[in-house]
Amino acid sequence: MGKNKLKKFAEMDTMQCVYQFPYQTLAEGACPLRGHWRELAFHNDRPLVLELGCGKGEYAVGLGQRFPECNYVGIDVKGARMWTGAKQVTEMGLPNVAFLRTDIDLLDRLFAPDEVDELWITFADPQMKKVNKRLTGTRMLNGYRRVLRDGGLVNLKTDSPFLYTYTREMARLNNLPVLIDTDDLYRDGDSLDLPDGLLDIKTYYERQWLARGLTIKYLRLALPHRGDLAEPDIDIPLDTYRSFHRNQPSL
Ligand SMILES: C[S@@+](CC[C@H](N)C(=O)[O-])C[C@H]1O[C@@H](n2cnc3c(N)ncnc32)[C@H](O)[C@@H]1O
């Protein structure tokens, strides 16, 4: 591992806003924060919102700055990326944002049933060939149901026409209430019922896709607990642009 990464990891060990737990602790069901995030990490009882696959954490930090009435936890497996957001939170003394280094598959080891109010999924890999890894697939949604309150919100921001179409179909097939649906957030934003300032927050990946002329799609769904979720069985054209090198100037 590079020196820079090691330095970031060592620094993260000293940051109060960063949480990570040995796998053994999670396997034994012994995560001390499970069921107590509001009280122990944030010292309040405000709603708890997770950003899944937060990367450098721009979204978690941006939400935390604009909406002090909620608590935010950015989650990613990659600690070196998360360091950027954690450093900002530490320097700003932002009390309502934390970062958790873990795999999304382990959410129910880290959060108790109904502990989470809302999820954000920002620019996730659409996992076009691996439905089990797709962050809006039935396997993952069932995982979210184990920690998200009944009818809790799932927000998806994506560059991917594939993931957007798939997730809309998932909602249609399973009667999941769709609260907001746009295939071009920055065209439609002013006419949508969005909290003030939401459109100003752009993630690292989002800025790259916007610079290449892609539109950003946004879905806000509610995820009730009742009923089995069925997997959409439709043919969706694959995204062709994703394999291009990221600094390619145009599509
Ligand atoms: C394409 S990046 C997007 C990062 C950020 N949301 C953004 O928009 O800049 C996807 C992120 O999801 C994380 N990720 C993917 N699968 C994950 C999993 N199962 N558990 C935790 N993080 C995951 C990756 O490490 C990566 O940082």
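For the structure itself, look to the data block above.
Model, not experiment: these values are computed from the prediction.

Describing the pattern of salt bridges
The full count for this structure, using the stated rule, is twelve salt bridges. Across the salt bridge formed by aspartate 183 and arginine 187, the nearest N and O atoms sit 3.0 Å from each other.

Description of the packing of helix H1 (residues 3-13) against helix H5 (residues 79-92)
The interhelical angle for the contact between H1 and H5, taken along N-to-C directions, is 50°, at an axis separation of 9 Å. Regarding the angle of H1 to H5, the classification is oblique. Between H1 and H5 the crossing geometry is left-handed. Listed contacts from H5 to Lys5, Lys8, Phe9, Glu11 and Met12 of H1 are Gly79, Ala80, Met82, Trp83 and Lys87. Classifying every residue of the contact of H1 with H5 by side-chain character gives five nonpolar, one polar and four charged.

Some points on helix H8 (residues 161-173)
A rise of 1.5 Å per residue sets the reference length of H8, with its 13 residues, at 18 Å; its end C-alpha atoms lie 18 Å apart and thus fit the reference within 8%. Where H8 is buried, its residues touch helix H7 (138-145), strand E6 (148-158), strand E7 (178-182) and strand E8 (217-223). In the stretch just after H8, asparagine 175 is the one whose phi turns positive, near 55°.

A word on the packing of aromatic side chains
On inspection of all chains with the given rule, the structure shows seven aromatic pairs. A centroid spacing of 4.9 Å and a plane angle of 50° characterise the contact between tyrosine 59 and tryptophan 120, whose relative ring orientation is tilted. With tyrosine 59 in helix H4 (residues 58-66) and tryptophan 120 in strand E5 (residues 116-122), the pair connects residues that are 61 residues apart, well separated along the chain. As far as burial versus exposure is concerned, tyrosine 59 and tryptophan 120 are alike and both buried. Measuring from centroid to centroid gives 6.5 Å for phenylalanine 162 and tyrosine 166, while their planes differ by 5°, and the two rings are stacked. Within this pair, phenylalanine 162 and its partner tyrosine 166 are both found in helix H8, separated by four residues, close to a single helical turn. Residue classification places phenylalanine 162 among the buried positions, given a relative accessible area of 5%. The exposure class of tyrosine 166 is buried, given its relative accessible area of 2%. Aromatic ring contacts, followed pair by pair, group Tyr19, Trp37 and Phe111 into a single cluster. When the ring centre of tyrosine 204 is taken as reference, the NZ or CZ atom of lysine 56 above it lies at 4.5 Å.

Overview of the site of the ligand
In the neighbourhood of the ligand, 16 residues make up the surrounding shell, with Gly53, Asp76, Arg81, Thr122 and Thr203 lying closest. At a separation of 2.8 Å, a nitrogen atom of the ligand approaches a polar backbone atom of glycine 53. One of the side-chain nitrogen or oxygen atoms of aspartate 103 is found 3.1 Å away from a nitrogen atom of the ligand. Summarising the interface, the protein chains cover 84% of the accessible area of the ligand, which totals 600 Å² for the free molecule. The residue makeup of the shell around the ligand, split by class, is six nonpolar, five polar and five charged.

Conventions adopted
Residues numbered from 1 in each chain as written. Predicted model: local features only at pLDDT ≥ 70, side-chain atom pairs only at ≥ 80, totals over all residues. Heavy atoms only, no water. Salt bridge = Lys/Arg side-chain N within 4 Å of Asp/Glu carboxyl O. Axes fitted to C-alpha atoms, helices over the stretch in contact; angles between N-to-C directions. Helix = DSSP H or I, 4+ residues; strand = E, 2+ residues; numbered from the N terminus. Parallel < 35°, antiparallel > 145°, perpendicular 65-115°, else oblique. Left-handed = near helix turned anticlockwise from the far one by under 90°. Contact = heavy atoms within 4.5 Å. Nonpolar A, V, L, I, M, F, W, Y, C, P; charged D, E, K, R; others polar. Expected span 1.5 Å × (residues − 1). Phe/Tyr/Trp six-rings, centres within 6.5 Å; stacked < 30°, edge-to-face > 60°. Buried < 20%, exposed > 50% of the residue type's maximum accessible area, 1.4 Å probe, protein only. Lys NZ or Arg CZ within 6 Å of the ring centre and 35° of its normal. Near = heavy atom within 4 Å. Polar contact = N/O pair within 3.5 Å; in protein donor to acceptor, adjacent residues only side chain to side chain. Areas by Shrake-Rupley, 256 points an atom, 1.4 Å probe, with all protein chains shown as cover.

Note that all results are geometric; they support no functional claim without further evidence.
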